[in-house]
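For reference, the chains in residue letters:
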Amino acid sequence: MNADRQVLIVDDDSDIREGTYLRLKAAGYRPITASDGEEGFASALENHPDAIVLDVRMPRVDGLTALARLKCHERTRNIPVVMLSASIGDRQASLEAGARFFLDKPYQGKTLLAAVETAIAESVSQPGE
């Protein structure tokens with residue numbers, strides 16, 4: 001059940017962060033938020049969410065840097081990440097860095113939910129994770 005699944009949302013845009021939070025909560029997830037890559041990485045270490053929705057373009061620590069940190073840390077490397085960006089040019093770099101999915105902003109709500117659901121289901125079914 002989704003209520004057992006926590007999803008970390010990392011985006012510097014408060015409107016996108018809040019909208020994504022409300023959409024995931026309505027779908028039964030337990031969302032938590034962070035406003036940049038530094039906060040997001042710290043929250044991932046502390047909370048070990050089931051999935052992370054991560055914006056690419058943010059001040060302080062951008063999403064690609066945060067993703068690299070997540071993938072290098074033993075505690076967070078297996079958490080599936082769904083990357084978001086308004087720039088299609090970020091797609092390849094995000095997927096090569098280890099993102100499970102990449103969604104263009106503005107994204108469709110059902111597409112985001114499908115990506116999060118699939119990412120969590122696949123990570124749960126992976127042996128040893």
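Residues numbered from 1 in each chain as written. Predicted model: local features only at pLDDT ≥ 70, side-chain atom pairs only at ≥ 80, totals over all residues. Heavy atoms only, no water.

What about the sheet that holds strand 1 (residues 6-10)?
In plain terms, the rule: A pair of strands is treated as paired once DSSP finds two or more bridges between them. Helix and strand definitions here come from DSSP, where helices need a minimum of 4 consecutive H or I residues and strands a minimum of 2 consecutive E residues; each element is numbered from the N-terminal end. Interaxial angle, 0 to 180 degrees, is taken between N-to-C directions of lines fitted to C-alpha atoms, where a helix line uses only the stretch in contact.
Across the sheet, which stays open at both edges, the five strands sit in the order 2-1-3-4-5 with parallel pairing between neighbours. One side of each edge strand has no neighbouring strand; the edge strands of this open sheet are strand 2 (30-34) and strand 5 (101-104). Sheet twist, expressed as the average angle between the axes of neighbouring strands with direction ignored, equals 20°. As paired elements, strand 1 and strand 3 (residues 51-55) share four bridges and run parallel to each other. Paired with Val10 across the strands is Leu54, a residue of strand 3.

Regarding the packing of aromatic side chains
Given two aromatic rings, their pairing is described by the distance between the two centres and the angle made by the two planes. To keep it simple, the criterion reads: Each Phe, Tyr or Trp ring (for Trp, its six-membered ring) is paired with any other whose centre lies within 6.5 Å, and the angle between the two planes then decides the class: stacked below 30 degrees, edge-to-face above 60, tilted in between. We call a charge positioned above a ring when the Lys NZ or Arg CZ atom is no farther than 6 Å from the ring centre and deviates by at most 35 degrees from the ring normal.
For the structure shown, the criterion picks out zero aromatic pairs. Note that Arg100 overlies the ring of Phe101, its terminal NZ or CZ placed 4.3 Å from the centroid.

Remarks on a negative patch on the surface
The condition that has to hold: For patch building, the residue pool is restricted to those with more than 30% relative accessible area and no salt bridge; the joining distance is 9 Å between like charges and 5 Å between nonpolar side chains (Val, Leu, Ile, Met, Phe, Trp, Tyr). Note on areas: Shrake-Rupley, 1.4 Å probe, and residue coverage restricted to the protein chains presented here. When a carboxyl oxygen of Asp or Glu is within 4 Å of a side-chain nitrogen of Lys or Arg, the pair counts as a salt bridge. Charge counting treats Lys and Arg as positive and Asp and Glu as negative, with His and both chain ends excluded. For this purpose, a charge sits on NZ of Lys, CZ of Arg, CG of Asp or CD of Glu. A simple rule labels every residue: compare its accessible area, found with a 1.4 Å probe on the protein chains alone, to the largest value its type can have, and call it buried under 20%, exposed over 50%, or partly exposed in between.
The grouping of Asp12, Asp13, Asp15 and Glu18 at the surface amounts to a negative patch. Relative to the assigned elements, Asp12 resides in the loop between strand 1 and helix 1 (14-26). With relative accessibility at 34%, the residue Asp12 sits in the partly exposed group.

Re helix 1
Note: α-helices contain 3.6 residues per turn, so residues at a spacing of three or four share the same orientation. Formally: One fewer than the residue count of a helix, multiplied by 1.5 Å, yields its expected span. Here, the arc refers to the directions that run from the helix axis to the C-beta atoms. Should any heavy atoms of two residues lie within 4.5 Å, those residues are considered in contact. Counted as a polar contact is a pair of N or O atoms within 3.5 Å, where, for protein atoms, one must be capable of donating a hydrogen and the other of accepting one, and residues adjacent in sequence contribute only when both atoms are in side chains.
In a regular helix each residue adds 1.5 Å, so 13 residues correspond to 18 Å; helix 1 covers 18 Å between its end C-alpha atoms and thus fits that length. Looking at helix 1, one finds that the buried residues are Arg17, Thr20 and Leu24. An end-on view of helix 1 places all buried positions within 70° of arc, on one side of the element. Exposed and facing more than 90 degrees away from the buried side of helix 1 are Asp15 and Ala26. Its buried side turned inward, helix 1 meets strand 1, strand 2, strand 3 and helix 5 (109-125). One side-chain oxygen of the residue at the start of helix 1 lies 2.9 Å from the amide nitrogen of Asp15, identifying that residue as Asp13.

Re the pairing of strand 2
Quick reminder of the rule: If the strands point away from the viewer and the path from the first strand over the helix to the second runs clockwise, then the crossover is right-handed.
Examined bridge by bridge, strand 1 and strand 2 share five bridges and lie parallel to one another. Looking at strand 2, one finds that Leu8 is bridged to Ile32. Crossover handedness for the path strand 1 to helix 1 to strand 2: right-handed.

Focus: helix 2 (residues 37-47)
Restricting attention to buried positions, one finds in helix 2 the residues Gly37, Gly40, Phe41, Ser43 and Ala44. Looking straight down helix 2, one finds its buried side chains confined to an arc of 165°; they lie on one side. In the core, the buried residues of helix 2 are packed alongside strand 1, strand 2, strand 3 and helix 3 (63-72). Positive backbone phi, approximately 40°, marks His48, located one or two places after helix 2.

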